[in-house]
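Next come the chains, spelled out residue by residue.
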Amino acid sequence: MARFLRVALLACLAAAAVASPRTAYGNGRIVGGSPADPAEYPSQVSLRALGSHSCGASIISENWVLTAGHCVELMLPGWLEIHANSNHLITNGTSHEVVRFIQHAGFNFSDFTSEDIAVIEVTPPFEFSETAQPAVLPEQDVETAAGSPAVVIGWGFIDTNGPVSPSLLEVDQVVRDYQDCFNIYTPDVNVTTEQICADVPEGGKGICSGDSGGPLFVDGLLVGLVSWSANGCAAEGFPGVYTRVASYRDWIRENTGV
């Protein structure tokens with residue numbers, strides 16, 4: 001039986017369970033990735049809980065970011081902040097208070113097939129520049145073809161047991177066929193059509209704790225939000241599972257106007 005892992009620890013435990021961004025680390029990887037070029041991913045931000053990096057998130061407008069639903073589970077807005085305008089968790093960047101967040105009403109932390117998506121309103125607004133830009137979202141129900149080259153980015157654990165990386169890292173992935181992913185996880189988890197899977201055949205490259213809520217890009221579109229993985233991080237034969245953004249495009253628009 002596969003062992004399943006929400007790839008961010010609960011934000012309310014972040015300060016104790018996820019290494020502080022103030023800690024110095026050696027060279028590391030998202031899991032098998034490499035440092036992202038400055039300003040290559042200007043929509044990427046860090047969601048911090050109780051002062052420590054907890055999840056990734058993506059700018060979608062001057063006032064809103066998009067992340068995974070489990071990243072705000074059991075949270076109050078005052079416990080959270082957004083760090084933007086920097087690829088580094090420690091240096092530079094801007095801080096933005098969380099005004100409120102909206103977690104999908106169908107989200108259930110114990111159910112890995114539930115609607116793992118949330119939007120967060122911030123203040124002050126983002127000032128768009130080379131290092132801060134909104135992500136491009138797919139339209140409602142647009143399909144992402146199996147076999148599509150993809151990239152996932154994050155500051156998460158560089159191995160199943162950590163630590164986090166202070167520098168933003170990227171790793172190439174390949175979108176899995178839905179039925180293939182469904183068969184891998186059934187009967188333990190019923191992967192739904194509102195989810196998208198990605199990995200590399202050889203394993204060793206993919207998502208881990210602290211990457212949750214971060215983006216999976218295909219051709220510049222934000223098609224997925226990091227949700228969960230199985231048997232540790234980037235395990236061979238067990239693709240990472242993402243919330244399919246195209247399944248929730250109307251929900252995002254209804255709740256943010258974006």
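A short tour of the structure in this document, coming up. Here the structure is a predicted model, which is why all the values come from computation and not from measurement. (Residues numbered from 1 in each chain as written. Predicted model: local features only at pLDDT ≥ 70, side-chain atom pairs only at ≥ 80, totals over all residues. Heavy atoms only, no water.)

1. Describing the packing of aromatic side chains
Convention followed: A pair of Phe, Tyr and Trp rings is counted when the ring centres sit within 6.5 Å of each other, with Trp represented by its six-membered ring. The angle between the planes then sorts it: under 30 degrees is stacked, over 60 is edge-to-face, the rest tilted. What counts as a helix is a DSSP run of H or I of at least four residues, what counts as a strand is a run of E of at least two, and both are numbered from the N terminus. Buried, partly exposed and exposed residues are distinguished by accessible area as a fraction of the type maximum, computed with a 1.4 Å probe on protein chains only: under 20%, between the cut-offs, and over 50%, respectively.
Tallied over the full model, the rule gives 6 aromatic pairs. The interplanar angle of 70° and the centroid separation of 6.5 Å between the aromatic rings of Phe 107 and Phe 109 together place this pair among those described as edge-to-face. Both rings, one in Tyr 185 and one in Phe 238, keep their centres 6.2 Å apart while their planes meet at 50°; by these two values the pair is tilted. You can see Tyr 185 sitting in helix α2 (residues 178–185) and its partner Phe 238 sitting in the loop between β13 (221–230) and β14 (240–244), a full 53 residues away along the chain. A relative accessible area of 0% means that Tyr 185 is categorised as buried. One aromatic cluster is present, formed by Phe 112, Tyr 185, Trp 228 and Phe 238 through successive ring pairs.

2. Considering the pairing of strand β8 (residues 118–123)
Quick note on the threshold: Pairs of strands are assigned from DSSP output, requiring at least two bridges between the strands.
In terms of burial, β8 is largely enclosed, as 5 of its 6 residues are buried. Strand direction decides the pairing type here: strand β5 (residues 64–67) and β8, joined by 4 bridges, are antiparallel. Looking across to β8, one finds that Leu 66 is bridged to Val 119. Across 6 bridges, the pairing between strand β7 (residues 94–103) and β8 is antiparallel. Paired with Val 98 across the two strands is Val 122, which belongs to β8.

3. Focus: a nonpolar patch on the surface
In plain terms, the rule: Each patch groups residues whose relative accessible area exceeds 30% and which form no salt bridge, using 9 Å between like charges and 5 Å between nonpolar side chains of Val, Leu, Ile, Met, Phe, Trp and Tyr. The Shrake-Rupley method, run with a 1.4 Å probe, gives the accessible areas here. Residue values count only the displayed protein chains as cover. Note on definitions: salt bridges are taken to be side-chain nitrogens of Lys or Arg within 4 Å of carboxyl oxygens of Asp or Glu.
Residues Leu 50, Leu 76 and Trp 79 make up a contiguous nonpolar surface patch of roughly 280 Å² in combined accessible area. By the secondary structure assignment, Trp 79 is in the loop between β5 and β6 (80–84). Residue Trp 79 is classed as partly exposed on the basis of its relative accessible area, which comes to 37%.

4. Thoughts on the environment of Ser 86
Condition: Every residue pair with non-hydrogen atoms within 4.5 Å of one another is taken to be in contact. Under the rule applied, a polar contact is a pair of N or O atoms within 3.5 Å (in protein, one hydrogen donor and one hydrogen acceptor; residues adjacent in sequence only if both atoms are side-chain atoms).
Checked against the element boundaries, Ser 86 lands in the loop between β6 and β7. The spatial distance from the C-alpha of Ser 86 to the C-alpha of Val 45 is 7.8 Å, given a sequence separation of 41 residues. When near neighbours in sequence (up to four residues on either side) are disregarded, Ser 86 contacts Thr 91, Asn 92, Gly 93 and Trp 155. Polar contacts involving the side chain of Ser 86 include one to the main-chain amide nitrogen of His 88, which spans 3.0 Å.

5. Side note on the pairing of strand β9 (residues 149–154)
Buried residues dominate β9, accounting for 5 of its 6 residues. As paired strands, β9 and strand β12 (residues 215–218) are joined by 2 bridges and run antiparallel to one another. Paired with Val 152 across the bridge in β12 is Leu 216.

6. A short note on the environment of Ser 46
Positionally, Ser 46 belongs in strand β3 (residues 44–49). Relative accessible area serves as the criterion here: at 0%, Ser 46 is assigned to the buried category. When sequence neighbours within four positions are dropped, the list of residues in contact with Ser 46 reads His 53, Cys 55, Glu 81, Ile 82, His 83, Leu 89 and Trp 155. A distance of 2.7 Å separates the side chain of Ser 46 from the side chain of His 53, its partner in a polar contact.

7. Observations concerning the nonpolar core
We count it as follows: Put simply, a nonpolar core is a bunch of buried Ala, Val, Leu, Ile, Met, Phe, Trp, Tyr and Cys residues held in one set by side-chain atoms that sit within 4.5 Å of each other.
Counting residues in each nonpolar core, the largest one holds 22 residues, and the members touching the most others are Leu 66 and Ile 252. Broken down by secondary-structure element, the contributors of at least two residues to this core are β5, β9, β13 and α3 (249–256). Other than its neighbours up to four places away in sequence, Ile 252 contacts Ile 60, Leu 66, Ile 117, Leu 137, Val 245, Gly 257 and Val 258. One finds Cys 55, Ala 57, Ala 68 and Val 72 within the second-largest nonpolar core, a separate group that totals 20 residues.

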